[in-house]
Amino acid sequence: MDNSANKDQSVRENRWIRKMHNDEKDGFESLYRSYYPKLIQFALRYNNSKAIAEDLVHNVFHNVWKNRKRIKPNGKLRSYLYTAVRNQSIKYQKRKERQAHSNLEDETVLQSRDVSPEENLDVKEFEQSVEDAINKLPEKRREVFLMSREDNLTYREIANVLEISIKTVETQISRSLKFLRVELAHFLTGDKMST
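Everything in this summary refers to the structure shown in the same document. Bear in mind that the values here come from a model prediction, so they are computed numbers and not experimental data. (Residues numbered from 1 in each chain as written. Predicted model: local features only at pLDDT ≥ 70, side-chain atom pairs only at ≥ 80, totals over all residues. Heavy atoms only, no water.)

### A word on the overall build of the protein chain
Then, in step 1: Scanning the protein chain from N- to C-terminus turns up nine helices and zero strands.
Then, in step 2: From first element to last, N terminus to C terminus, the protein chain shows the α and β order α-α-α-α-α-α-α-α-α.
Then, in step 3: Here the protein chain, with 195 residues, has 34% of them falling under the buried criterion.
Then, in step 4: Pairs at least 24 residues apart make up 66% of the contacts formed inside the protein chain by residues separated by at least 6 positions.
Then, in step 5: For the protein chain, the exposed surface amounts to about 12,600 Å²; the carbon and sulfur share of it is 48%. (Helix = DSSP H or I, 4+ residues; strand = E, 2+ residues; numbered from the N terminus. Buried < 20%, exposed > 50% of the residue type's maximum accessible area, 1.4 Å probe, protein only. Contact = heavy atoms within 4.5 Å. Areas by Shrake-Rupley, 256 points an atom, 1.4 Å probe, with all protein chains shown as cover.)

### Focus on the packing of helix H2 (residues 25-44) against helix H4 (residues 77-95)
Then, in step 1: For the pair H2 and H4, interaxial distance at closest approach is 10 Å and the crossing angle is 40 degrees. Here H2 lies oblique to H4, going by the angle between them. The two elements H2 and H4 meet at a crossing, and its hand is right-handed. In this structure, H2 uses Leu 31, Tyr 35, Lys 38, Leu 39, Phe 42 and Ala 43 to contact H4, whose residues at the interface are Leu 77, Arg 78, Leu 81, Tyr 82, Val 85, Arg 86 and Ser 89.
Then, in step 2: Its residues assigned to classes, the contact of H2 with H4 shows nine nonpolar, one polar and three charged. (Axes fitted to C-alpha atoms, helices over the stretch in contact; angles between N-to-C directions. Parallel < 35°, antiparallel > 145°, perpendicular 65-115°, else oblique. Left-handed = near helix turned anticlockwise from the far one by under 90°. Nonpolar A, V, L, I, M, F, W, Y, C, P; charged D, E, K, R; others polar.)

### Quick notes on helix H3 (residues 50-66)
Then, in step 1: Compared with the 24 Å implied by 1.5 Å per residue over 17 residues, the 24 Å span of H3 between its first and last C-alpha is a close match.
Then, in step 2: The complete set of buried residues in H3 reads Ala 53, Leu 56, Val 57, Val 60, Phe 61 and Val 64. Each buried residue of H3 sits inside an arc of 135 degrees when the element is viewed along its axis, so together they form one side. (Expected span 1.5 Å × (residues − 1). Arc of directions from axis to C-beta.)

### Structural notes on the packing of H4 against helix H7 (residues 155-162)
Then, in step 1: Running from amino to carboxyl end, H4 crosses H7 at an angle of 40 degrees, the nearest separation of the two axes being 9 Å. In terms of orientation, H4 lies oblique with respect to H7. Between H4 and H7 the crossing geometry is right-handed. From H4, Arg 78, Ser 79, Tyr 82, Thr 83 and Arg 86 reach across to H7, where they touch Glu 157, Asn 160, Val 161 and Leu 162.

### Let's talk about the nonpolar core
Then, in step 1: In this structure, Leu 31, Leu 39, Val 57, Phe 61, Val 64 and Leu 81 are the most contacted members of the largest nonpolar core, which totals 40 residues.
Then, in step 2: Those elements giving two or more residues to this core turn out to be helix H1 (3-21), H2, H3, H4, helix H5 (117-136), helix H6 (139-149), H7 and helix H8 (166-183).
Then, in step 3: In terms of residue count, the dominant contributor to this core is H2 (nine residues).
Then, in step 4: Discounting chain neighbours no more than four positions away, the residues touching Phe 61 are Phe 28, Leu 31, Tyr 32, Tyr 35, Tyr 36, Leu 39 and Leu 81. (Core = buried A, V, L, I, M, F, W, Y, C linked by side-chain atoms within 4.5 Å.)

### With respect to the pattern of salt bridges
Then, in step 1: On inspection of all chains with the given rule, the structure shows nine salt bridges.
Then, in step 2: A salt bridge links Arg 68 to Asp 23, with the shortest nitrogen-to-oxygen separation between them at 2.9 Å. Of this pair, Arg 68 sits in the loop between H3 and H4 while Asp 23 sits in the loop between H1 and H2, and the two are 45 residues apart along the sequence. (Salt bridge = Lys/Arg side-chain N within 4 Å of Asp/Glu carboxyl O.)

### Observations regarding the packing of aromatic side chains
Then, in step 1: Inspection of every chain in the model, using the stated rule, returns eight aromatic pairs.
Then, in step 2: Where Phe 42 meets Tyr 46, the ring centres are 5.6 Å apart and the plane angle is 75 degrees; that geometry is what we call edge-to-face. The burial state of Phe 42 is the same as that of Tyr 46; both residues are buried.
Then, in step 3: Three or more aromatic residues link up through ring pairs in this structure, and these residues are Phe 28, Tyr 32, Tyr 36, Phe 61 and Trp 65.
Then, in step 4: Its guanidinium or amino end placed over the ring of Trp 65, Arg 68 lies 3.8 Å from that ring's centre, counting from NZ or CZ. (Phe/Tyr/Trp six-rings, centres within 6.5 Å; stacked < 30°, edge-to-face > 60°. Lys NZ or Arg CZ within 6 Å of the ring centre and 35° of its normal.)

### Details of the environment of Tyr 155
Then, in step 1: With respect to the element layout, Tyr 155 can be found in helix H7.
Then, in step 2: Residues Tyr 155 and Val 169, 14 residues apart in the sequence, show an inter-C-alpha distance of 6.1 Å.
Then, in step 3: When residues no more than four places from it in sequence are discounted, the contact partners of Tyr 155 are Ser 148, Ile 166, Val 169, Glu 170 and Ile 173.

Geometry only, nothing functional implied.
Right, dumping it as structure tokens:
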């Protein structure tokens, strides 16, 4: 996300916070509509149940509304929301430690365009290979990579959410990309038999 987009986002967030401070529900509703779908996807990385993800995200938003007077318009609301969802998810996982961890289901559906069955299989094979390669990343590295690529968080926001340095985020992203290039090299060269 570039600096102008970050600035626009901060301006919007600060407007929503001021409205919430004045008990204006439309500020909260705007915040909710803007972040709810993204936070659900983020929570799904910690558990594979959409219902549980929704409960966790609803809890976070409930706490935001309840504590709205204490939220400061400092441009860090997005980081706060992701951190809160992450913490809620970890707490839930600790309570449900014995439940099996399962991977996030791939909900990617090919957009409507005419493709041959062979092209369709190639796309599905590539998508599956990408997902498999990402799942081979060490857990923390995978978390950093997905926060960057799927959630579009800045390196600074990822560092804040995970309580690590920006340099660590940069290193983890760099190592992830290097690993994925190697894992998916046969697609990039067009030689799928070279695996």
